[in-house]
Amino acid sequence: MTTLTVSGRVAQVLSSYLTDVFGVMGNGNVYFLDAAEKLGLRFSAVRHEGAAIAAADAYYRASGRLAAGTTTYGPGYTNALTALAEAVQAQIPVVLVTGDAPSSGARPQDVDQAAIAAGLGAATFTVTRESAGAITRQAVEYALTKRTAVVIAIPYDLAALEAADEELPAPLAPPVSDDVDGGLGQVARLLAGAKRPLILAGRGAHLAGAGPELRELADRLGALTAGTALAFNLLEGDGHLGVAGGFGTDTAAGLMGEADVVLVAGASLSPFTMRFGHLLGPDSTVIQIDTALQPTHPRVDTFVSADVKSAAGRILGMLDGPASPDADLTDASRAEAWRAEARKRLAEGPAHHPGSAETPDGRLDPRFLARALDDVLPGRRTVVQDGGHFIGWAPMYWHIPRPQDLVMVGTAFQSIGLGLASAVGAARAVEDGRTLVLASGDGGFLMGLSDLESLITAASSAVVVIYNDAAYGAEIHQYGSQGLTEKPMLIPEVDFSGVARALGAESAIIRSLADLSALQDWIDDGAKGTFVADCRITSSVRAPWMSEWMQAKQEAKAAVAG
């Protein structure tokens, strides 16, 4: 048997689960990276430790495949905490391999890394010389089963020591749940009796591969369909209303509010999805099917804990049953009536505001710009979106081919600055001729600027769109509008185009739609490498989702005061 170090054993076990590692080398993980290289794992270097987990997180979101991030101990580890918290909050399986204090005891410079991780909700698995492989496997299976981030810690004094021999079983097969309880009979009866059914799919439905079953179920019932932003276009087809929540149109939201029975499949019903309580009508019956153990929202009337794909298949079988008294209620005429009404109202009702060609300060209207970019950007695209005021422009105005082609980072932990790092991971995941498109604000882009070089190195085809309003836009709209001083909210205008060219990207400043010709020329030339579009937008346009959120806060304050 080949002799392996403790770090080598960790890398060996990980190699049976993943192919990609992202990180920054330090003396706490140098032996791990040496072993990973010898085992053929692909290492993508990032320039800030915070990017290690963000890249691995986005790799999973874009591909459904596990990846690892790695840092040294101490400051390398603490630099990764924001991205680690985002992965935990967003329920993304990801592994952080890090150095840690010696097994003999902490040194003066060490911190309690396991306690810090626990505070974020991440479990730490500290390997030993005797069981490095078994503990690594336990950590990975925990991450995959629980859909969460885990930390694999390698004590500094053990990293280069020879690992004990271990007989390790083969990796566990992904769990498949076919055991759904009898609550599905009630679900089938409610759906069969609905006059205006709606199926709302979330990321859980996408991860379960339930799109075909839910689409067939919708067609059988004549249901309208919608998706959360994380299940974008999963149920696209006749009767599809688009995105539920603040990124959707008011017309689509009105139709959702008239549904009498709503099947929520693999969606948690966040406040944003629910339009802060205004999405669904007060009399609608809400059914939730999810792998969670209990309902995730108080509006849920009937809950079934189950795999969404399996459950949808069972419901289809029940609707095919011979003796249902409600069988006549699922006929084609009823289905067509509800969908025909939806088609008519969607055609006649207002769509998203197209934006304006002129603005008070002469800068670009971001809506006007977003529509133009949709026409220019390659159709085969995967979009990574950082957090910020601009967050709605991509799901509102851009074509998103598949659910996994919209990677929204920072929304779970309410952070900005993870976009560039996430783009590195997504670029490594989508090497199938697609163009990686990063949408970022100027504030978040400056936070993650060190990893622009990482993206340029990693991406075969990438476009970076910077919504540059020389400000922290969300704060301008939330607090500047209330009369608070805007001085801390403003950012000196940065020439991102010049910075990008210095690092090896092609770039242009976009002050008018005519300036997009530079991007178009780059795409026509083959879209190879990275292009940075420094788009100078106005801060005078408030996103509708922001207005909705601000209104909800005011209503909540009024309710408390009353």
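Model, not experiment: these values are computed from the prediction. (Residues numbered from 1 in each chain as written. Predicted model: local features only at pLDDT ≥ 70, side-chain atom pairs only at ≥ 80, totals over all residues. Heavy atoms only, no water.)

Overview of the overall build of the protein
Here comes step 1: From N to C terminus, the protein includes 22 helices and 18 strands.
Here comes step 2: In terms of overall dimensions, the protein has a C-alpha envelope of 70 × 65 × 55 Å along the principal axes.
Here comes step 3: Put simply, the protein has 562 residues, and 56% of those count as buried.
Here comes step 4: Taking the intrachain contacts of the protein between residues at least 6 apart in sequence as the baseline, contacts between residues at least 24 apart amount to 77%.
Here comes step 5: In the structure as shown, the protein presents an accessible area of about 22,500 Å², 53% of it carried by carbon and sulfur atoms.
Here comes step 6: Within the protein, the 63 negative side-chain charges are centred at a point lying 2 Å from the centre of the 42 positive side-chain charges. (Helix = DSSP H or I, 4+ residues; strand = E, 2+ residues; numbered from the N terminus. Buried < 20%, exposed > 50% of the residue type's maximum accessible area, 1.4 Å probe, protein only. Contact = heavy atoms within 4.5 Å. Areas by Shrake-Rupley, 256 points an atom, 1.4 Å probe, with all protein chains shown as cover. Lys, Arg positive; Asp, Glu negative; His and termini not counted. Charge placed at Lys NZ, Arg CZ, Asp CG, Glu CD.)

Remarks on the packing of aromatic side chains
Here comes step 1: Under the defined criterion, the tally for this structure stands at 9 aromatic pairs.
Here comes step 2: Between the aromatic rings of Phe 272 and Phe 276, the centroid separation amounts to 5.4 Å while the plane-to-plane angle is 70 degrees, which identifies the pairing as edge-to-face.
Here comes step 3: Residue classification places Phe 272 among the partly exposed residues on the basis of a relative accessible area of 35%.
Here comes step 4: Connected via pairs of aromatic rings, a cluster forms that spans Phe 272, Phe 276 and Trp 545.
Here comes step 5: Over the face of the ring belonging to Tyr 73 we find Arg 107, whose NZ or CZ atom lies 4.6 Å from the ring centre.
Here comes step 6: Positioned above the aromatic ring of Trp 549, the side-chain terminus of Lys 553 is 4.7 Å from the ring centre. (Phe/Tyr/Trp six-rings, centres within 6.5 Å; stacked < 30°, edge-to-face > 60°. Lys NZ or Arg CZ within 6 Å of the ring centre and 35° of its normal.)

Brief notes about the nonpolar core
Here comes step 1: Membership of the largest hydrophobic core comes to 55 residues, with the highest contact counts inside it found for Leu 436 and Leu 455.
Here comes step 2: In terms of residue count, helix α3 (residues 50–63) provides more of this core than any other element does, 10 residues in total.
Here comes step 3: Counting residues in each nonpolar core, the second largest holds 44 residues, with Met 408, Val 465, Ala 474 and Leu 516 among its members. (Core = buried A, V, L, I, M, F, W, Y, C linked by side-chain atoms within 4.5 Å.)

Points about the packing of α3 against helix α5 (residues 81–90)
Here comes step 1: Packing of α3 against α5 leaves a shortest axis separation of 8 Å and a crossing angle of 30 degrees. Classified by the angle between their axes, α3 and α5 sit roughly parallel to one another. Packed against α3, whose contacting residues are Gly 50, Ile 53, Ala 54, Asp 57 and Arg 61, the element α5 presents Ala 83, Leu 84, Glu 86, Ala 87 and Ala 90 at the interface.
Here comes step 2: Tallied by class, the residues present in the contact of α3 with α5 amount to 6 nonpolar, 1 polar and 3 charged. (Axes fitted to C-alpha atoms, helices over the stretch in contact; angles between N-to-C directions. Parallel < 35°, antiparallel > 145°, perpendicular 65-115°, else oblique. Nonpolar A, V, L, I, M, F, W, Y, C, P; charged D, E, K, R; others polar.)

Examining the layout of surface pockets
Here comes step 1: Within this model, the second largest pocket holds a volume of roughly 440 Å³.
Here comes step 2: If you trace the second largest pocket, you find 23 residues lining it, with Leu 241, Gly 242, Val 243, Thr 249 and His 352 closest to the centre.
Here comes step 3: The leading source of residues in the lining of the second largest pocket is strand β9 (residues 240–243), at 4 residues.
Here comes step 4: The residue makeup of the lining of the second largest pocket, split by class, is 12 nonpolar, 10 polar and 1 charged. (1 Å grid on protein atoms, 1.4 Å probe; cavity = no way out; pocket = protein on both sides within 12 Å on 5 of 7 lines; lining within 4 Å. Points joined across faces, edges and corners; volume = space filled by probe spheres on them.)

Focus on the environment of Ala 253
Here comes step 1: Its place among the elements puts Ala 253 in helix α11 (residues 250–257).
Here comes step 2: Along the primary structure Ala 253 and Lys 146 are separated by 107 residues, whereas in three dimensions their C-alpha atoms are 33 Å apart.
Here comes step 3: Those residues in contact with Ala 253 that sit more than four places away from it in its chain are Arg 275 and Leu 279.

Examining the sheet that holds strand β16 (residues 461–468)
Here comes step 1: Taken in spatial order, the 6 strands line up as β14-β13-β15-β16-β18-β17 in an open sheet, and their pairing is parallel. Looking at the sheet topology across the chains shown, the edges are occupied by β14 (406–408) and β17 (506–510). Averaged over all pairs of adjacent strands, the angle between their axes in this sheet comes to 15 degrees, without regard to strand direction.
Here comes step 2: Pairing of strand β13 (residues 381–385) with strand β15 (residues 435–441), which is carried by 5 bridges, proceeds in the parallel orientation. For Arg 381, the partnering residue across the bridge sits in β15 and is Thr 435.
Here comes step 3: Contacts from helix α14 (residues 366–376) reach β13, β16, β17 and β18 (529–536) within the one sheet, and its direction differs from that of β16 by about 170 degrees. (Pairing = 2+ DSSP bridges.)

Here we look at the side chain of Arg 9
Here comes step 1: Within the secondary structure layout, Arg 9 lies in helix α1 (residues 6–14).
Here comes step 2: Contacts of Arg 9, omitting those with residues within four sequence positions, involve Leu 4, Ala 132, Gly 133, Ala 163, Ala 164, Asp 165 and Glu 166.

Here we look at α14
Structural remark: α-helix, 3.6 residues per turn; residues separated by three or four positions point the same way.
Here comes step 1: With 8 of 11 residues buried, α14 is to be regarded as a mostly interior element.
Here comes step 2: Among all positions of α14, only Pro 366, Arg 367, Leu 369, Ala 370, Ala 372, Leu 373, Asp 374 and Val 376 are buried.
Here comes step 3: For α14, the elements touching its buried residues are β13, α15 (393–397), β16, β17, α21 (517–524) and β18.

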